[in-house]
Amino acid sequence: MTTEIGSGQMVRAPSWKGAFWVAAGVPPLVLFSIGGIAGTTGKLAFAVWMISMVMGFLQSFTYAEMAGMFGNKSGGTSVYGATAWLRYGKPIAPLSVWCNWFAWSPVLSLGCAIAAGYILNALFPIPLADSQPVLDWVTANLASFTADSEAVMAYMAENAGIAADEAIKAVAASAGVEALTPWFRVYEAFTITIPGLGTLRFNSTFIIGVVLMLIILAIQHRGVAQTASAQKWLAIIVLVPLLLVGLVPIFTGAINWMNVTNLVPPTAAYSGVDGEWNIGGWTLFLGGMYIAAWSTYGFETAVCYTRELKDPKTDTFRAIFYSGLLCAVFFFLIPFSFQGVLGQEGMLASGIVDGTGVGEALGNMIGGGPVITQIFVILMIMALFLAIMTAMAGSSRTLYQGSRDGWLPKYLGHVNKNGAPDRAMWTDVGFNIFLLALASDVGGYFYVLAISNVGYILFNFLNLNAGWIHRIDSAHMDRPWKAPTWLIGVNTILAFVNALFLGAGAKVWGYENALWSGLVFAAFIFPVFWYRHYVQDSGKFPKEAYEDLGLPHGELGEKKAGILPYLALILGAGVVLWANWFFVLPA
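Residues numbered from 1 in each chain as written. Predicted model: local features only at pLDDT ≥ 70, side-chain atom pairs only at ≥ 80, totals over all residues. Heavy atoms only, no water.

## A short note on the overall build of the protein
So, step 1. Check the secondary structure of the protein and you find 23 helices and two strands.
So, step 2. In terms of C-alpha radius of gyration, the protein reaches 25 Å, essentially the compact-globule figure of 25 Å for 587 residues.
So, step 3. Along the three orthogonal principal directions, the C-alpha set of the protein runs to about 85 × 55 × 50 Å.
So, step 4. Contacts in the protein between residues far apart in sequence, at least 24 positions, make up 80% of those at least 6 positions apart.
So, step 5. Charge centroids of the protein, computed over 29 positive and 33 negative side chains, lie 18 Å from each other. (Helix = DSSP H or I, 4+ residues; strand = E, 2+ residues; numbered from the N terminus. Rg over C-alpha atoms; globule rule 2.2 N^0.38 Å. Contact = heavy atoms within 4.5 Å. Lys, Arg positive; Asp, Glu negative; His and termini not counted. Charge placed at Lys NZ, Arg CZ, Asp CG, Glu CD.)

## Overview of the nonpolar core
So, step 1. One finds Phe-32, Tyr-290, Phe-338 and Trp-407 to be the most contacted residues of the largest nonpolar core, which totals 170 residues.
So, step 2. Here this core gets 16 residues from one element, more than from any other, and that element is helix H18 (residues 442-473).
So, step 3. If sequence neighbours within four positions are ignored, Phe-338 has contacts with Ile-34, Gly-343, Met-347, Ile-352, Val-358, Ala-361, Leu-362 and Met-365.
So, step 4. If you look at the next biggest cluster of nonpolar residues, it comprises nine residues, including Val-134, Ala-167, Val-171 and Val-177. (Core = buried A, V, L, I, M, F, W, Y, C linked by side-chain atoms within 4.5 Å. Buried < 20%, exposed > 50% of the residue type's maximum accessible area, 1.4 Å probe, protein only.)

## Overview of a nonpolar patch on the surface
So, step 1. Among the surface-exposed residues, Ile-472, Ile-563, Leu-564, Tyr-566, Leu-567 and Ile-570 lie close enough to one another that they form a single nonpolar patch of about 540 Å² accessible area.
So, step 2. Top element by residues in the nonpolar patch is helix H23 (residues 564-582). It accounts for four residues.
So, step 3. With respect to the helices and strands, Leu-567 occurs in helix H23. (Patch = residues over 30% accessible without salt bridge, like charges linked within 9 Å, V, L, I, M, F, W, Y side chains within 5 Å. Areas by Shrake-Rupley, 256 points an atom, 1.4 Å probe, with all protein chains shown as cover. Salt bridge = Lys/Arg side-chain N within 4 Å of Asp/Glu carboxyl O.)

## Examining the packing of aromatic side chains
So, step 1. Taken as a whole and judged by the stated rule, the model has 34 aromatic pairs.
So, step 2. Centroid distance Trp-581 to Phe-582: 6.2 Å. Interplanar angle 50°. Geometry classified as tilted.
So, step 3. Using a relative accessible area of 62% as the deciding quantity, one classes Trp-581 as exposed.
So, step 4. Geometrically, the ring pair formed by Phe-582 and Phe-583 is edge-to-face, given 5.1 Å between the ring centres and 85° between the ring planes.
So, step 5. Owing to a relative accessible area of 31%, Phe-582 belongs among the partly exposed residues under this scheme.
So, step 6. Taking the relative accessible area as the measure of exposure, Phe-583 reaches 9% and is therefore buried.
So, step 7. Aromatic ring contacts, followed pair by pair, group Trp-98, Trp-101, Phe-102, Phe-431, Phe-521 and Phe-524 into a single cluster. (Phe/Tyr/Trp six-rings, centres within 6.5 Å; stacked < 30°, edge-to-face > 60°.)

## Concerning the packing of helix H3 (residues 45-69) against helix H19 (residues 485-505)
So, step 1. Relative orientation of the contacting elements H3 and H19 amounts to 125°, with a least axis distance of 9 Å. Of the possible angle classes, the one that applies to H3 and H19 is oblique. The chirality of how H3 crosses H19 is left-handed. On H19, the residues that touch Met-55, Leu-58, Gln-59, Phe-61, Thr-62 and Glu-65 of H3 are Leu-487, Ile-488, Asn-491, Leu-494, Val-497, Asn-498 and Phe-501. (Axes fitted to C-alpha atoms, helices over the stretch in contact; angles between N-to-C directions. Parallel < 35°, antiparallel > 145°, perpendicular 65-115°, else oblique. Left-handed = near helix turned anticlockwise from the far one by under 90°.)

## Description of unusual backbone geometry
So, step 1. Here Asn-262, not a glycine, exhibits a phi torsion of approximately 55°, which is positive.
So, step 2. Residue position: Asn-262 is located in the loop between helix H11 (224-252) and helix H12 (279-296).
So, step 3. On the basis of relative accessible area, Asn-262 is assigned to the exposed category, the value being 51%.
So, step 4. Of note in the backbone geometry, Ser-538 takes a positive phi value of approximately 55° without being a glycine.
So, step 5. Structurally, Ser-538 is set in the loop between helix H21 (525-536) and helix H22 (543-548).
So, step 6. Take Ser-538: its relative accessible area is 61%, and that puts it in the exposed class.

## Brief notes about H21
It helps to recall that an α-helix has 3.6 residues per turn; residues three or four apart then point in one direction.
So, step 1. Here H21 contains 12 residues, and its C-alpha end-to-end distance of 15 Å stays within 8% of the 16 Å for a straight helix at 1.5 Å per residue.
So, step 2. The complete set of buried residues in H21 reads Ile-525, Phe-529, Arg-532 and His-533. Summarising the axial view, the buried residues of H21 lie within an arc of 80°, below the 170-degree limit, and thus occupy one face.
So, step 3. Backbone geometry just downstream of H21 places Ser-538 in the positive-phi region, at approximately 55°. (Expected span 1.5 Å × (residues − 1). Arc of directions from axis to C-beta.)

## Focus: the packing of helix H2 (residues 30-41) against H12
So, step 1. Orientation of H2 relative to H12, taken along the N-to-C sense of each, is 175°, at an axis distance of 9 Å. Between H2 and H12, the angle falls in the class roughly antiparallel. Facing Val-30, Phe-32, Ser-33, Ile-37, Thr-40 and Thr-41 of H2, the residues of H12 in contact are Leu-284, Phe-285, Gly-288, Ile-291, Ala-292, Trp-294 and Ser-295.
So, step 2. Its residues placed into classes, the contact of H2 with H12 shows eight nonpolar, five polar and no charged. (Nonpolar A, V, L, I, M, F, W, Y, C, P; charged D, E, K, R; others polar.)

## Re the pattern of salt bridges
So, step 1. A full pass over the atoms with the stated rule returns six salt bridges.
So, step 2. Linking Arg-532 and Asp-537 is a salt bridge whose minimum nitrogen-to-oxygen distance equals 2.8 Å.
So, step 3. In this structure Arg-532 comes out as buried when scored by relative accessible area, which is 5%.
So, step 4. The exposure class assigned to Asp-537 is buried, which follows from its relative accessible area of 14%.

## A look at H2
So, step 1. When you tally the buried positions in H2, you get 12 out of 12 residues, the bulk of the element.
So, step 2. Three or more residues of H2 are buried, namely Val-30, Leu-31, Phe-32, Ser-33, Ile-34, Gly-35, Gly-36, Ile-37, Ala-38, Gly-39, Thr-40 and Thr-41.
So, step 3. Following H2 by one or two positions, Gly-42 adopts a phi angle in the positive range, close to 60°.

## Some points on the environment of Ser-109
So, step 1. The residue Ser-109 is located in helix H6 (residues 107-123) in this model.
So, step 2. Exposure remark for Ser-109: the relative accessible area of 0% places this residue in the buried category.
So, step 3. In sequence terms Ser-109 and Val-210 are 101 residues apart; their C-alpha atoms lie 8.5 Å from each other.
So, step 4. The residues contacting Ser-109, other than those within four sequence positions of it, are Met-213, Asn-432, Leu-435 and Leu-436.
So, step 5. A distance of 3.1 Å separates a polar atom in the side chain of Ser-109 from a polar atom in the side chain of Asn-432. (Polar contact = N/O pair within 3.5 Å; in protein donor to acceptor, adjacent residues only side chain to side chain.)

## Points about the confidence of the model for the protein
Note: predicted coordinates in regions of low pLDDT should not be interpreted at a detailed level.
So, step 1. Mean pLDDT over the protein: 85, with 91% of residues reaching 70 or higher.
So, step 2. Every residue in residues 1-12 is under pLDDT 50, and counting partners more than four places away or in other chains gives 42 contacts. (pLDDT = per-residue confidence, 0-100.)

## Topic: the environment of Phe-582
So, step 1. Its place among the elements puts Phe-582 in helix H23.
So, step 2. For the pair formed by Phe-582 and Met-69, sequence separation is 513 residues and the distance between their alpha carbons is 40 Å.

## So, the environment of Ala-439
So, step 1. Relative to the helices and strands, Ala-439 is located in the loop between helix H17 (422-438) and H18.
So, step 2. A relative accessible area of 3% places Ala-439 in the buried class.
So, step 3. Those residues in contact with Ala-439 that lie beyond four places of it in its chain are Leu-110, Ala-113, Gly-444, Tyr-445 and Val-448.

Structural data, given as C-alpha cells:
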C-alpha cells in the first residue's frame, strides 16, 4: 500500500468523500427496475422501495463495523464478512464474495443495454405509424395491397369483423414503418440458443453496449482517485435534475393521491388491476422486495475502497453512512413521485418497463417541453454511465481482494501502474459481454436481473450473520466504529427476512427456475476455489489473510461460536425452501 502513483500497488488517495462520490452511482439504479416493480406490485410499488431502503440502511451499520476492522482490505463488505466464515467451512467465505460479485457485475451489461436503447432511439428511431414519412410511403404504395394479399388476409383473421379497406390501411402502415426503420435498428448478426439459459443475441444493442463498456473501462484504468473525480461531476449533473423530478410534482400538486392510496397488490403481475392480500398478492409483494434489494442495498459499495482511503479508520463509516442518506432521499422521492404522477397505467407502458422511455417520462413529469424532455433523455444516459462506473469499480475490487485472500484465481490480484485492478476489470468486461448478449432484449434483461439477485440476497444473508460471528470470534480486533448490539441483532433477523424474499420472490419475474439457476451459478465458485486453494496454494491461505485476523500463519483459530453458524445456515436454507413452496403466483 502506498500513496505514490506508479508503484504497482493500490494507492491511498481519496478521502471518504471520494468513496461517497463513487457510490453516488447507486441512486440511478432505481431507474433500472422502477417499471418492473410497478408492474408486479401495483400501487404498492413506492412502499416497496421505501421499506427496502430502510432495510438497506439498517443493514449498512453491520457492514460499516466490519469495514472498519479491515482497513487494509479492498473489495467491499463481502470480503470483510467472508473472513468470519473461514473457521466454519473454507468454501463458505469465497461463496459470499462470489455471490456479491455476480450480483454487482451485471450492472455493466444491464446498464449498457438500456443506454444502447436510448442511443438507438436517438440516432436510429423507429418512425411512428402516423408520421408524415410513413403516410407518404403508404400513399405511394397503397395500390400494392389488396384484400387478397396474404398479410391483409392474416390481419383480418386476427381482427374479426374489420372491413377490408381498414385492414389494407393498417397493413400498409405497418409495412411503411418497417420499410422506413433504419437497418441498424433491427440489425442482428446471429443468435445462439443455450438450453436452460436463454438466447444470446448479437444485435445492434449488443454492439453499442460493448463500445460503451470499453469507454468506461478506459476511465477506470486511471485509478480510483480519477474515477472518483469523474464520478463527482457526473453525479452532480445527473442527481440534481433527478432530485427536482422527485420534488417538483409534490410542490406543484401534480401528485394524484388516488395513485398512492388504497395500497393492495394487483390481481396478477402487469395486470394494472387492484387485487387483494391473499397468498398470490403477498407473493407479488415479496417479489417486488426481492428485486428492489438489488438497488436499495447497493450503497454498501462505498466501503469497497477501504484499502485506498487516506484514513480508513474514520473514512469507512462516513462513506457508507452518508451514501446511505443520499440513497434514502432518492429511493423515497423518485418512486413516490413517479407513481403519483403516472399511475399504474402509465408505469406499465413498454418504454417504462424496459427502461428506454424513463428519460422522456421524467421530462414530462416536471412539465417540460420537447427540449427539456431531450435533456432528460441525455441525463438518463449519463445516469446509466454513473451506475455502470460504480459497479465496475466495486465489482473489480471484489475480484481483486478475493484473489489476494486466496479465494479466486491468482491472476486477478494484479494492479496497473495507477493502482487499478486491471485484470479484474477486464474479467468483469469479458463476463458482461456474454451477459450483454443475453440481455439484449426485454425478456433476457429481467432474466439476468432475477438470476444475479439470487447471488445478492445470498451474500446479504451470509454477511449479516457475519456481523455477530465476528463479535464472538474476533472480539480482540479493533473496531474504529462499533454498531449498537441491538442493531446487530435486528440485522440478524433481517438476514432471514432476506431469505424469505429469495424463496418467494425469485419466481415472480417470469422465470420459475430463476432461483435454481442462480444457485447453480453460485455453486461455480466451489471448483474455482478448490483449484486455487488446494492446487495452487497447497491448502493454506496467503500469509496476509491470517494477519488480517490476527492469527498465526496456517491457523484459523478457535470456533468460539460453536454450532450457531451452522444452525443459521440450516435455518436460512429452510426459510428459502419453505417460502419457495408456500408462496405461489396468482392464478
